[in-house]
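# Structural characterization, general
Letter by letter, the chains look like this.
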Amino acid sequence: MKQIKVWGRGCAKCVKTAAVIQAIADEHGVPVNLVKETSAEVMMNYGVMTTPAVVVDEVVVHSGSIPDRKKVESWLL
């Protein structure tokens, strides 16, 4: 199971990012544990300065925008 964290303060882009990832995972039948993280301290410890940010299995894979479908699929498949 993929461990995915979406970092952000709960803005519309952060909420949309989490929804997009979950929808694509469901569509492909990929089980994910999706967690939303809002702690600025945690984000800064990883060097993330822009949100939304996405962490897959403890690796920052994206930040600063809503990821596109192809990018999300590359993390899941």
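Residues numbered from 1 in each chain as written. Predicted model: local features only at pLDDT ≥ 70, side-chain atom pairs only at ≥ 80, totals over all residues. Heavy atoms only, no water.

### As for the sheet that holds strand 2 (residues 32–37)
By definition, the strands of a sheet pair up through backbone hydrogen bonds, in either a parallel or an antiparallel sense. Here four strands make up an open sheet; going across it, the order is 2-1-3-4 and the pairing mixed. The open sheet terminates on both sides in strands that have one partner only, identified here as strand 2 and strand 4 (59–63). When strand polarity is set aside, the average angle formed by the axes of neighbouring strands in this sheet is 20°. Pairing of strand 1 (residues 2–7) with strand 2 involves six bridges; the strand directions are parallel. The residue bridging V6 from the neighbouring strand is K36, located in strand 2. (Pairing = 2+ DSSP bridges. Helix = DSSP H or I, 4+ residues; strand = E, 2+ residues; numbered from the N terminus. Axes fitted to C-alpha atoms, helices over the stretch in contact; angles between N-to-C directions.)

### What to know about the environment of L76
Relative to the helices and strands, L76 resides in helix 3 (residues 69–76). Sequence separation of L76 and I24 is 52 residues, and the distance between their C-alpha atoms is 8.6 Å. Setting aside residues up to four positions removed in sequence, L76 forms contacts with K2, I4, I21, I24, A25, V30 and V32. (Contact = heavy atoms within 4.5 Å.)

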